[in-house]
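# A structural walkthrough
Residues per chain, in single letters:
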Amino acid sequence: MSSELQARVQELREQLRQIVGVRYPGDLAEAEIEEQALQAGDCEYLLVACRLARAEREQATQELPWLSPERQADPRESLRRIREICQQSPDAYSAIQAVLVTHPDVPRGNLVPAIKRFRSDLAQLSLEDLAGLVTAAWNGGQQGFEAVLRTRKSSPRVAAPSLWAKHDE
């Protein structure tokens, strides 16, 4: 995002705050202020509000191109975003879903260690267990995720029986 655009957004927000402070004192909601400005024909307020909305929309479009499916992810940038997602998400399921949705071009084999690295509540799980959780979250939603999480946390790891094992007869 350009610093010029960011400065412009801040400038417009400050202009709007000043207008509101002078013309619309009190604790009014934004919708109430807009309604009063419309009724009063306050073109200055409405013009600044429109310019601010346009600048914020432009700012948002500059921040989101990394979500484009055809854009190749830079590993450093992806790790930074994954860390932010994991730190901001309230629970493991939300973090995993957000990471999967925002990084569709990154192989899951690369996402799993990153998620484990940035989510302390998943640190005790092995990479294989976490890979199962990621798959369950993607395919089975919240219910699938919780079912797999319960089995991973509560059951000891048991080797699967071999089909070729000898049986006593």
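Our structure is the block above this text.
Every chain is numbered independently, its residues counted from 1 as its sequence is written. Whole-chain, interface and lining totals are the exception, using all residues; otherwise, since this is a predicted model, local features are given only for residues with pLDDT of at least 70 and side-chain atom pairs are given and counted only at 80 or more. Computation of side-chain values covers all heavy atoms of the structure but excludes hydrogens and water.

Our next topic: the pattern of salt bridges. One speaks of a salt bridge when a side-chain nitrogen belonging to Lys or Arg is within 4 Å of a carboxyl oxygen belonging to Asp or Glu. In total, this model carries eight salt bridges according to the counting rule given. Its salt-bridge partner being R13, residue E56 comes within 2.9 Å of it at the nearest N-O pair. Of the two residues, E56 sits in helix α3 (residues 43-63) while R13 sits in helix α1 (residues 3-23), which places them 43 residues apart along the sequence. A residue is classified by how much of its surface remains accessible, and R13, at 29% relative accessible area, is partly exposed. With a closest N to O distance of 3.9 Å, R83 and E84 form a salt bridge. Each member of the salt-bridge network shares a partner with another, and the members are R23, D42 and E44. A run of H or I in DSSP counts as a helix once it spans at least four residues, and a run of E counts as a strand once it spans at least two, with each numbered from the N terminus. Partly exposed residues are those whose accessible area sits between 20% and 50% of the maximum for their type, while under 20% is buried and over 50% is exposed, using a 1.4 Å probe and protein chains only.

With that out of the way, let us pick up the environment of L122. Along the chain, the position of L122 falls in the loop between α6 (108-118) and α7 (127-154). When its relative accessible area of 2% is taken as the criterion, L122 is described as buried. Spatially, the C-alpha atom of L122 lies 7.5 Å from that of A92, the residues being 30 residues apart in sequence. Throughout, a residue-residue contact means that at least one pair of heavy atoms, one from each residue, lies within 4.5 Å. What L122 contacts, discounting residues up to four positions off in sequence, is A92, I96, I115, K116, L130 and L133.

A general feature of soluble globular proteins is that nonpolar side chains tend to end up buried together. Membership of the largest hydrophobic core comes to 25 residues, with the highest contact counts inside it found for I96, I115, L122, L133 and F145. Ranked by the residues each element gives to this core, the list is headed by α7, at eight residues. Non-local contacts of I96, meaning those with residues more than four positions away in its chain, are made with I115, L122, L130, V134, A137 and F145. In these notes, a set of buried Ala, Val, Leu, Ile, Met, Phe, Trp, Tyr and Cys residues joined through side-chain atoms within 4.5 Å is what counts as a nonpolar core. Core analysis: the next-biggest nonpolar cluster, separate from the first, contains 14 residues, V9, I19, A37 and A55 among them.

With that settled, the discussion passes to the packing of aromatic side chains. Two aromatic rings, drawn from Phe, Tyr or Trp (for Trp, its six-membered ring), form a pair once their centres lie within 6.5 Å of each other, and the interplanar angle then sorts them: stacked below 30 degrees, edge-to-face above 60, tilted otherwise. Under the counting rule described, the total for this entry stands at one aromatic pair. Ring centres 5.8 Å apart and planes at 65° place the aromatic pair Y24 and Y45 in the edge-to-face group. Taken together, the residues span a long stretch of sequence, with Y24 in the loop between α1 and α2 (30-40) and Y45 in helix α3 at a distance of 21 residues. A single burial state applies to Y24 and to Y45, both of which are buried.

Take the packing of helix α4 (residues 75-88) against helix α5 (residues 92-102) next. Fitted lines through C-alpha atoms give the axes, limited to the stretch in contact for helices. The angle between two N-to-C directions lies from 0 to 180 degrees. In contact at an axis separation of 8 Å, α4 and α5 are set at 150° when each is read in the N-to-C sense. Taken together, the axes of α4 and α5 lie roughly antiparallel to each other. Between α4 and α5 the crossing geometry is right-handed. Contact residues: I82, I85 and C86 in α4; A95, A98, V99 and T102 in α5. Oblique is the label for any angle not under 35 degrees, not over 145, and not in the 65 to 115 range, which are roughly parallel, roughly antiparallel and roughly perpendicular in turn. Should the near helix be turned counterclockwise from the far one by less than a right angle, the crossing is left-handed, whereas a clockwise turn marks it as right-handed.

Its location among the elements puts R23 in helix α1. For the pair R23 and Q36, spaced 13 residues apart in the sequence, the C-alpha separation amounts to 9.9 Å. When residues no more than four places from it in sequence are discounted, the contact partners of R23 are D42, E44 and Y45. Under the rule applied, a polar contact is a pair of N or O atoms within 3.5 Å (in protein, one hydrogen donor and one hydrogen acceptor; residues adjacent in sequence only if both atoms are side-chain atoms). Separated by 2.6 Å, the side chains of R23 and D42 make a polar contact. A polar atom in the side chain of R23 sits 2.4 Å from the side chain of E44.

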